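A look at the structure
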Amino acid sequence: MDLVTLAPRATPDERTAVDVVLGAPAGRWDGGERADPEGGHTSSGGHAARERRHLLLPVLHAIQARVGWISRPALEYACRRLSIPPADAYGVARFYGLFSTTPRPPIVAHVCDDVVCRLAGAEDVCADLERAVGPAGEPALGGEATWLRSPCLGRCERAPAALFTVAGTLPETIAAAPVDAAGIVRRLERTAAGRRLVPARIDPDPDEERLANVRRSVPQAGRPGLRILHRVGIINPLSLDDYVAAGGYRGLRRAIEVGREAVIAEVTASGLLGRGGAAFPTGRKWAAVAAQPGQPHYTVCNADESEPGTFKDRVLMEEDPYAIVEAMTIEGLATGSSRGFLYIRAEYPLSAARMAHALAIAREAGYLGTDILGSGQMFEIEIRRGAGAYVCGEETALFNSIEGKRGEPRNKPPFPVESGLFGRPTAVNNIETLVNIPGIVADGGAAFAALGTEGSRGPKLFCISGAVPHPGVYEVEFGASLGDLITLAGGVSGGHELRAVLLGGASGVFVGPEALDLQLTFEATRAAGATIGSGVVMVFDDRVDIVATLRRVAAFFRDESCGQCVPCRVGTVRQEELLARLANGRPNGSADDELALLADLGQAMRDASICGLGQTASSAIESAFRAGLVAFPRQAEARA
């Protein structure tokens, strides 16, 4: 039966946005017009259309970039083109924080109010914007612009930060940091008056300015002895010649020379553990995928770096993109994959642009494609953009997102090495893990394993932010202490007293000043009941309101829970409500009763949540109480 919707037709702009991604409709069963009487009684091409389900997110991005929001007619036109039920696609569009299914002005400033930006004055920025522009989400400047509060934008070293999106035939997405309210208003006014935000460019600063500018994010840039960051700030990130001259593609050439088994053996011998938080042995993961008989195999690079306080992967994509292309190619050849996906969070527009440029140049030079360096082997990489969902940092949620679905985690087993993306064996690693690969393959796993400690091999990147004079990405060898890192960043700002450090981000653990001697290794932090996680080191001095920080962490998990499982969906809300009652001096019963309930909630979420979001949603909050960073009256009055 031919299903005919009663909604208004999509506008020409909306149809064009969809067709740019999917191509022009081939006929009425592909979303085109009724052409002939026979076409009304026969159907063909439905299966092929359904196989393009994975293009749903790119289509939704295209619609929003063209008109500023996703209307019902636009969504239904996309659904006809892709043979997706409209209710299903609506659920996808509603899932992601950067998509809007209600009318929105074409110009939007997303202002970060997460933990680090709050420390840098984001609440004052938001208050000033309310006075100057109006409440968050309300149309302003003649209905052309608005502003919204945003979770972490991954620019913690330059906080506070904002992300500007401009819809139209020439859409723009631009991140800026640091920002203030006056600067945000000026950008909105200029853009509403028809002027572009900034000239469209992805090229770096002139040579004489490059190192100075990069050092704002990577204070060690240009120093000798670095292994991961040794090219950052030194080479032009757009230049393949610069990359090769600095040692690039030695690893890929050797990988082709020695073959996949030898490559996996070197990675295994290196002792490289995943740097995304789970710390799983990379060589074991690759070997498991390579051994799977089913084809095709896939590789996925997880660049959805959404953990508050984390920004190292953004820096690597912006300043050393060819290293990621080379690493993914080595991974593809080693695991028997011919296709890889690079999933980048939408809040990183410059990262996406520079990675797209690197892919195009590498492909043109023969480092990607059907005959890599004349070896007869093939591998391709496709970029996919997220749309504002922290949970998509979980690997199976990321697979669902690439497949055009809600980013909800899957139950395990089966594990990704057996059934991952599109139900096929998949190797998934994050950016920092992968950038170690070319050096390991080129120089041997033993050289890498000689660095660090017995249980934590190699160098490690840490993102230091908060109350330090020189925040940024720092590279140290595993075994450095927490105090060493803070010293590298200049100590505590302004001579203030250190109050606490949050290790691992919002899903991590608070430690007090007594932990300065803690060795930053997987084994030492585990023994101390802490975590390295994604490498976040967030420093708080004696001026910080820890209670307000915990409430922001709780609100973050409440908003970012995908809602699929009850322990997380309900537990994150109850946790935030509990903290609000304590902060307002109106506990249910006594403060001790509330803390006992907090512990119960945390245990239930750890035991029964499907993924790591729910399992770690209470970690930072509970650890702050254990460390004595928060004190409420022990005998609070019961609520009247």
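Residues numbered from 1 in each chain as written. Predicted model: local features only at pLDDT ≥ 70, side-chain atom pairs only at ≥ 80, totals over all residues. Heavy atoms only, no water.

What follows is about the pattern of salt bridges. Within the structure shown, the criterion is met by 35 salt bridges. In this structure, Glu-318 engages Arg-155 in a salt bridge whose closest nitrogen and oxygen atoms are separated by 3.9 Å. Of this pair, Glu-318 sits in helix α14 (residues 312–319) while Arg-155 sits in the loop between β2 (145–150) and β3 (162–166); the two residues are 163 residues apart in sequence, bridging distant segments of the chain. Measuring nitrogen to oxygen at the nearest pair gives 3.0 Å for the salt bridge that ties Lys-405 to Glu-403. (Salt bridge = Lys/Arg side-chain N within 4 Å of Asp/Glu carboxyl O. Helix = DSSP H or I, 4+ residues; strand = E, 2+ residues; numbered from the N terminus.)

What follows is about the sheet that holds strand β13 (residues 536–541). An order of β10-β9-β13-β11-β12 is seen for the 5 strands of this open sheet, with the pairing classed as mixed. The sheet is open, and its two edges are formed by β10 (472–477) and β12 (509–511), each paired on a single side. Going across the sheet, the axis of each strand differs from the next one's by a mean of 30°, ignoring polarity. The pairing of strand β9 (residues 459–466) with β13 spans 4 bridges and is parallel. Considered in β13, the bridge of Gly-466 is made with Val-539. On top of the sheet, α14 reaches β9 and β10; it is set at about 110° to β9, its chief contact. (Pairing = 2+ DSSP bridges. Axes fitted to C-alpha atoms, helices over the stretch in contact; angles between N-to-C directions. Contact = heavy atoms within 4.5 Å.)

What follows covers the packing of aromatic side chains. Considering all chains together, one arrives at 13 aromatic pairs under this definition. Judged by centre distance (6.0 Å) and plane angle (70°), the ring pair of Tyr-96 and Phe-99 falls under edge-to-face. Since its relative accessible area comes to 1%, Tyr-96 is described here as buried. Through a chain of ring-to-ring contacts, the aromatic side chains of Tyr-243, Tyr-249, Tyr-322 and Tyr-367 assemble into a single cluster. Above the face of the Tyr-348 ring, Arg-345 is positioned so that its terminal group lies 5.2 Å from the ring centre. The aromatic ring of Phe-462 is capped on one face by Lys-460, whose charged end is 5.1 Å from the ring centroid. (Phe/Tyr/Trp six-rings, centres within 6.5 Å; stacked < 30°, edge-to-face > 60°. Buried < 20%, exposed > 50% of the residue type's maximum accessible area, 1.4 Å probe, protein only. Lys NZ or Arg CZ within 6 Å of the ring centre and 35° of its normal.)

Next up on the list: the domain arrangement of the protein. Along its sequence, the protein is organised into domain 1 (12–93), domain 2 (107–192), domain 3 (218–449), domain 4 (459–541) and domain 5 (546–639). With 5 residues of domain 1 at the interface, the matching set in domain 2 holds 5 residues. Between domain 1 and domain 2, roughly 280 Å² of surface is buried when both sides are summed, and carbon and sulfur atoms account for 63% of that area. Among the residues of domain 1 in contact with domain 2, Ala-65, Arg-66 and Gly-68 are the three that bury the most area, contributing 93% of the side total. (Domains from an automatic or database assignment. Buried area = accessible area lost by both parts, 1.4 Å probe.)

What follows deals with the side chain of Asn-429. Relative to the helices and strands, Asn-429 is located in strand β8 (residues 426–430). With residues up to four places along the chain from it excluded, the contact list for Asn-429 reads Thr-282, Lys-285, Trp-286, Val-300, Cys-301, Asn-302, Glu-331 and Leu-434.

A word on the packing of helix α12 (residues 260–270) against helix α13 (residues 282–290). Two quantities define a packed helix pair, namely the angle between the helix axes and the distance between the axes. Where α12 meets α13, the axes come as close as 7 Å, and the angle between the chain directions of the two elements is 155°. The pairing of α12 with α13 is recorded here as roughly antiparallel in orientation. The segment α12 lies against α13, with Val-263, Ile-264, Val-267 and Thr-268 engaging Thr-282, Gly-283, Arg-284, Trp-286, Ala-287 and Ala-290. In terms of residue class, the contact of α12 with α13 is built from 6 nonpolar, 3 polar and 1 charged. (Parallel < 35°, antiparallel > 145°, perpendicular 65-115°, else oblique. Nonpolar A, V, L, I, M, F, W, Y, C, P; charged D, E, K, R; others polar.)

Turning to the environment of Glu-14, a few remarks are in order. Within the secondary structure, Glu-14 is located in helix α1 (residues 12–22). The buried category is assigned to Glu-14, whose relative accessible area is 8%. Taking the C-alpha atoms as reference, Glu-14 lies 9.9 Å from Ala-65; in sequence the two are 51 residues apart.

Summarising burial for β8: 5 of the 5 residues are buried, a large majority. Taking every second residue as pointing to the same face, both faces of β8 are buried, with Thr-426, Val-428 and Asn-430 on one and Ala-427 and Asn-429 on the other. Pairing of strand β5 (residues 297–303) with β8 involves 5 bridges; the strand directions are parallel. Counted as the bridge partner of Thr-299 is Ala-427 from β8.

Moving on: the pairing of strand β4 (residues 172–176). Where burial is concerned, the two faces of β4 differ: the one with Glu-172, Ile-174 and Ala-176 is buried and the one with Thr-173 and Ala-175 is not. Of the strand pairs in this sheet, β3 and β4 are connected by 5 bridges, and their pairing is antiparallel. When the bridges of β4 are listed, Leu-163 appears paired with Ala-175. Taking the residues between adjacent antiparallel strands as the criterion, β3 and β4 are bridged by 5 residues, where Gly-168 takes a positive phi near 155°.

Time to look at the sheet that holds strand β7 (residues 380–385). Taken in spatial order, the 4 strands line up as β7-β6-β5-β8 in an open sheet, and their pairing is parallel. Every other strand in the sheet has two partners, leaving β7 and β8 as the edge strands with one partner each. Sheet twist, expressed as the average angle between the axes of neighbouring strands with direction ignored, equals 20°. Relative to strand β6 (residues 337–344), β5 runs parallel, the two sharing 7 bridges. Within β6, the position partnered with Val-300 by the bridge is Phe-341. Along the sheet, helix α16 (residues 349–364) contacts β6 and β7; its crossing angle with β7, the most-contacted strand, is approximately 165°.

So, about the packing of helix α7 (residues 122–132) against helix α8 (residues 181–192). One can describe the packing of α7 onto α8 by two numbers: an axis separation of 9 Å at closest approach and a directional angle of 45°. As far as their axial angle goes, α8 and α7 are oblique. When the axes of α7 and α8 are compared, the crossing they make is right-handed. Contact with α7, carried on its side by Val-125, Asp-128, Leu-129 and Ala-132, involves Ala-181, Ile-184 and Val-185 of α8 and no other residues of that element. Per-class residue counts for the contact of α7 with α8 are 6 nonpolar, no polar and 1 charged. (Left-handed = near helix turned anticlockwise from the far one by under 90°.)

What follows deals with unusual backbone geometry. With an omega of -5°, the peptide bond running from Ala-177 to Pro-178 counts as cis. Here Pro-178 is to be found in the loop between β4 and α8. The omega torsion across Gln-295 and Pro-296 is 0°, close enough to zero to call that bond cis. Structurally, Pro-296 is set in the loop between α13 and β5. Positive phi outside glycine occurs at Leu-373, with the angle close to 50°.

This brings us to the environment of Leu-238. Here Leu-238 shows up in the loop between α9 (207–214) and α10 (240–245). A relative accessible area of 16% places Leu-238 in the buried class. With 116 residues separating them in the primary sequence, Leu-238 and Arg-354 have C-alpha atoms 7.0 Å apart. Not counting residues up to four positions away in its chain, the partners in contact with Leu-238 are Ile-202, Asp-203, Pro-204, Tyr-322, Arg-354 and His-357.

Attention now moves to the state of the cysteines. A complete count under the given rule lists 0 disulfides for this structure. The thiol sulfur of Cys-112 is not disulfide-bonded, and the nearest other cysteine sulfur, from Cys-117, lies at 3.4 Å. What makes Cys-112 buried here is its relative accessible area of 2%. (Disulfide = S-S within 2.5 Å.)

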